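Chain and residue survey
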Amino acid sequence: MGMSGGSAEGNDKSEGQSFSCKNKLTALVVDNGGVCRVIQTALLRSYGVETEAVETGEAEVELIASGATFNLIIIEMLLPVLNGPETARQIRTMGAQSMILGITAFFDERDQQEFLAAGADEFIEKPLSPEVVIPIIRELHN
């Protein structure tokens, strides 16, 4: 991805150890489900990732258009008006270099193909977990 940075230290929390970033990473969570948005944001922050959250794809596009940059953007598949893949497509067209993680409550191979074709780097089923987050944080540091 071309991200600069050092190395991450520690093991994941699922092993009872702590893990945190040496260098600050930034993330944006785009999810219209309030509880999911709060949980995803809290999980990322627990690993030292500076995290913002918005409810809609339109809000995300506005942030990117205003010059905001993020190392990681997590986008819910089923957003109102501008869905996840269309949001990803628009910000890629705008030049966003962020890692994009598409996320959904119900995994479907067609949705995965649509999200990846729109510019997402990965597509997973909820919940976002340490097993998913830690390897991504480590990848962004390298």
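Refer to the structure presented above.
What you are looking at is a predicted structure, and each value in this text was computed from that prediction instead of being measured.

Thresholds applied
Residues numbered from 1 in each chain as written. Predicted model: local features only at pLDDT ≥ 70, side-chain atom pairs only at ≥ 80, totals over all residues. Heavy atoms only, no water. Core = buried A, V, L, I, M, F, W, Y, C linked by side-chain atoms within 4.5 Å. Buried < 20%, exposed > 50% of the residue type's maximum accessible area, 1.4 Å probe, protein only. Helix = DSSP H or I, 4+ residues; strand = E, 2+ residues; numbered from the N terminus. Contact = heavy atoms within 4.5 Å. Right-handed = clockwise from strand over helix to strand, strands pointing away. Pairing = 2+ DSSP bridges.

Let us look at the nonpolar core. The biggest cluster of nonpolar side chains holds 20 residues, and the ones touching the most others in it are Leu28, Val30, Ile73, Ile75, Ile91 and Phe115. At the level of elements, strand 3 (26-30), helix 2 (57-65), strand 5 (72-76) and helix 3 (84-93) are the ones that each hand at least two residues to this core. Here the element with the most residues in this core is helix 2; it accounts for 3 residues. Once residues lying within four places of it in the same chain are set aside, the contact partners of isoleucine 73 are Leu28, Val30, Glu60, Ile64, Ile91, Ser98, Met99, Ile100 and Leu101. The next biggest cluster of nonpolar side chains, apart from the first, holds 19 residues, and it includes Leu43, Leu44, Val49 and Ile124.

Look at any regular strand and the pattern is simple: side chains alternate between the two faces of the sheet. Of all 6 residues making up strand 6 (residues 99-104), 6 are buried, and the element is well covered by its neighbours. Burial of the side chains of strand 6 extends over both faces: Met99, Leu101 and Ile103 are buried on one face and Ile100, Gly102 and Thr104 on the other. In the classification by handedness, the crossover that spans strand 5, the intervening helix 3 and the parallel strand 6 is right-handed. Here 4 bridges tie strand 6 to strand 7 (residues 122-125), and the two strands are oriented parallel to one another. Bridged to leucine 101 within strand 7 is glutamate 122. The handedness of the strand 6 to strand 7 crossover, carried by helix 4 (residues 109-117), is right-handed.

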